[in-house]
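Here is how the chains run, residue by residue.
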Amino acid sequence: MVTAVVGANWGDEGKGKITDTLAEKADIIVRFQGGANAGHTIVNDYGKFALHTLPSGVFYGHTTSIIGNGVALDIPKLFNEIKSITDKGVPTPKILVSDRAQIVMPYHVLFDQYEEERLGKKSFGSTKSGIAPFYSDKYAKIGFQVSELFDEDVLTEKVDRIVDMKNIMLEHMYHKPTIDKKELLDTLHEYRDMVAPYKCDVSKFLWDAIKDGKQILLEGQLGTLKDPDHGIYPMVTSSSTLAAYGAIGAGIPPYEIKKIVTVVKAYSSAVGAGDFVSEIFGDEADELRRRGGDGGEFGATTGRPRRMGWFDCVASKYGCRMQGTTDVAFTVLDVLGYLDEIPVCVGYEIDGEVTTDFPVTPLLNKAKPVYKVLPGWKTDIRGIKKYEDLPENCRKYIEFVEEQIGFPITMVSNGPGRHDIIYR
Ligand code: GDP
């Protein structure tokens, strides 16, 4: 059976933790989109890890971790990441990389930096990992597939043709050093040797695994609101963050995705630019940021402070609907235990009218939050294992959110660890 684990909001909902928890009973975990730009933070018996490329199943001996064709594969980063976990005593994970995955080229990272520099104040807040230039090239059909590294003629011809184009941009648009073709080819040969042991016909592997009744997890990166079609365009990422895309980015039939676990955080946070209706500022935001997540809400890739806000029912209802949610995992609820009262955004006021439907970006610009204030529970709920044992106001908060978003909350996460989970 295939289960997708995806985010409803701006990312950082705690998908890594939920995937890690569910991976205990999984055989295969697949990354299907995105690249090394966002990160998952995972706390387990080996320590605390920030993963960027590897799926969150790499800590188990029994799982196979797969980089699907939809991922922006940064080969040196993948290898450094494998090393960083094995250095801390994690057994060498079983990893497969799709022969149809495309490669983040060294110049993609440079173009990302140069473009953000050029945009200055109007920049997207990119993590400068080369993701937008990578996906642009993929769809402009000038990307490099893993399989192409193994055909010298194809590789040489493409490097020759594509570097000519890139150098025009580098020289005339950005006034930066140009790319040396020979050097780039040498780098790609290194990449080929690095990736060779892991290269796999992943869609065939997964087809067989599905036939054998294996448990497969698809692990999403970021969340609905960062989807290029359904998110807050243009302040979005460059690959689809929706569970539906899991079928394409892993190479499996869409009807095989039977369960869609959408991860929703008990308050809001966002990185990068873009509208954020329930955003809070000043001391209120600083305190939530400091207490949030596991050791504060700071980007797993960049260390940037995240923007903070109250829970947004409008965005989360939409986020869950677009994912095709069967189950909601409601996370980081323990963090809210310090508050006397907890505001929840229940509507957007746009041009004098209140709506609970998430709007397109030009209308989102004008939206003002409508809040309902719920009483806090003023206790630490970490360590609680049964739903009935949660304080009454805490259960009321969960049930209020569930009613507003309209999807069942079947898991409540009350701590960063693998077993800090309450099933309902
Ligand atoms: P992801 O990208 O969706 O996996 O999310 P991140 O890893 O960026 O952010 C989630 C943060 O919250 C990480 O630091 C997790 O360790 C932490 N976390 C996840 N679930 C919980 C929870 O229920 N309680 C607390 N306190 N922290 C959590």
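So, here's what we can say about the structure. (Residues numbered from 1 in each chain as written. Predicted model: local features only at pLDDT ≥ 70, side-chain atom pairs only at ≥ 80, totals over all residues. Heavy atoms only, no water.)

Some words on the overall build of the protein chain
Helix and strand counts for the protein chain stand at 12 helices and 21 strands. A compact globule built from 424 residues should have a C-alpha radius of gyration of about 22 Å, and the protein chain, at 22 Å, falls within 12% of that. Projected onto the principal axes, the alpha-carbon positions of the protein chain cover approximately 65 × 50 × 40 Å. A total of 424 residues make up the protein chain; the buried ones form 57% of that total. (Helix = DSSP H or I, 4+ residues; strand = E, 2+ residues; numbered from the N terminus. Rg over C-alpha atoms; globule rule 2.2 N^0.38 Å. Buried < 20%, exposed > 50% of the residue type's maximum accessible area, 1.4 Å probe, protein only.)

So, the sheet that holds strand 13 (residues 279-280)
Ordered in space as 12-14-13, the 3 strands form an open sheet in which the pairing is antiparallel. Looking along the sheet, the strands with just one partner apiece sit at the ends: strand 12 (268-270) and strand 13. Taken together, the 3 bridges between strand 12 and strand 14 (residues 307-309) define a ladder with antiparallel strand orientation. Each bridged residue has a counterpart across the sheet, and for alanine 270 the counterpart in strand 14 is arginine 307. Strands in contact with helix 9 (residues 282-291) are strand 13 and strand 14; relative to strand 14, the strand with the most contacts, it is inclined by about 100 degrees. (Pairing = 2+ DSSP bridges. Contact = heavy atoms within 4.5 Å. Axes fitted to C-alpha atoms, helices over the stretch in contact; angles between N-to-C directions.)

Regarding the site of the ligand
Contacts to the ligand come from 20 residues, most closely from Gly16, His40, Thr41, Asp334 and Ser413. One of the backbone N or O atoms of glycine 14 is found 2.8 Å from an oxygen atom in the ligand. Here lysine 15 contributes a backbone N or O atom positioned 2.8 Å from an oxygen atom of the ligand. Protein chains shield 98% of the accessible area of the ligand, which is 590 Å² for the free molecule. Only helix 1 (15-23) and strand 3 (40-44) provide two or more residues apiece to the shell around the ligand. Considering each element in turn, the shell around the ligand owes the most residues, 3 residues, to helix 1. Across the shell around the ligand, the residue classes tally to 3 nonpolar, 9 polar and 8 charged. (Near = heavy atom within 4 Å. Polar contact = N/O pair within 3.5 Å; in protein donor to acceptor, adjacent residues only side chain to side chain. Areas by Shrake-Rupley, 256 points an atom, 1.4 Å probe, with all protein chains shown as cover. Nonpolar A, V, L, I, M, F, W, Y, C, P; charged D, E, K, R; others polar.)

Things to note about helix 7 (residues 202-211)
Those residues of helix 7 that sit buried are Val202, Leu206, Ala209 and Ile210. Relative to the axis of helix 7, the buried residues are bounded by an arc of 100 degrees and lie together on one face. Two residues or fewer after helix 7 comes glycine 213, characterised by a positive phi angle close to 75 degrees. (Arc of directions from axis to C-beta.)

Remarks on the packing of helix 5 (residues 152-173) against helix 6 (residues 181-195)
To describe two helices that pack against each other, one gives the angle between their axes and the distance between the axes. Contact geometry of helix 5 with helix 6 gives a least axis separation of 10 Å together with a crossing angle of 135 degrees. As summarised for this structure, helix 5 and helix 6 are arranged oblique, according to the angle between their axes. The handedness of the crossing between helix 5 and helix 6 is right-handed. Facing Glu152, Leu155, Thr156, Val159, Asp160, Val163 and Asp164 of helix 5, the residues of helix 6 in contact are Lys181, Leu184, Leu185, Leu188, His189 and Arg192. In terms of residue class, the contact of helix 5 with helix 6 is built from 6 nonpolar, 2 polar and 5 charged. (Parallel < 35°, antiparallel > 145°, perpendicular 65-115°, else oblique. Left-handed = near helix turned anticlockwise from the far one by under 90°.)

Section: the packing of aromatic side chains
Under the definition given, this model contains 12 aromatic pairs. Aromatic side chains tyrosine 107 and phenylalanine 111 sit 6.5 Å apart centroid to centroid with 85 degrees between the ring planes, which places their arrangement in the edge-to-face category. Taken together, the residues span about one helical turn, with tyrosine 107 and phenylalanine 111 both in helix 3 (residues 106-119) at a distance of 4 residues. Neither residue differs from the other here; tyrosine 107 and phenylalanine 111 are each classed as buried. Consider the rings of phenylalanine 330 and tyrosine 397, whose centres lie 6.2 Å apart with planes at 35 degrees: the pair is tilted. Placement of the pair is phenylalanine 330 in strand 16 (residues 327-331) and tyrosine 397 in helix 12 (residues 392-405), with a sequence separation of 67 residues. The pair phenylalanine 330 / tyrosine 397 is uniform in exposure class, with both members buried. Through successive ring pairs, a cluster of aromatic residues spans Tyr107, Phe111, Tyr114 and Tyr174. One cation-aromatic arrangement involves lysine 199 over phenylalanine 150; the distance from NZ or CZ to the ring centre is 4.5 Å. Taking NZ or CZ as reference, lysine 211 lies 3.5 Å from the ring centre of tryptophan 207, over its face. (Phe/Tyr/Trp six-rings, centres within 6.5 Å; stacked < 30°, edge-to-face > 60°. Lys NZ or Arg CZ within 6 Å of the ring centre and 35° of its normal.)

Some remarks on the sheet that holds strand 9 (residues 199-200)
Strand order in this open sheet of 10 strands is 9-7-5-2-10-1-11-16-20-21, and the pairing throughout is mixed. Where the open sheet ends on each side, the last strands, each with one partner, are strand 9 and strand 21 (421-423). Here strand 7 (residues 94-98) runs beside strand 9; their pairing, made up of 2 bridges, is parallel. Residue pairing across strands places serine 98 opposite cysteine 200, the latter belonging to strand 9. Helix 8 (residues 243-250) contacts strand 1 (2-7), strand 2 (28-31), strand 10 (216-223) and strand 11 (257-265) of the sheet and is inclined by roughly 125 degrees relative to strand 11.

Some words on helix 3
Side chains of residues three or four places apart in an α-helix project in the same direction, reflecting 3.6 residues per turn. End to end, helix 3 covers 21 Å across 14 residues, agreeing with the expected 20 Å (1.5 Å per residue, within 8%). Residues Tyr107, His108, Val109, Phe111, Asp112, Tyr114 and Glu116 constitute the buried set of helix 3. Positioned one or two residues after helix 3, glycine 120 has a phi angle of 55 degrees, which is positive. (Expected span 1.5 Å × (residues − 1).)

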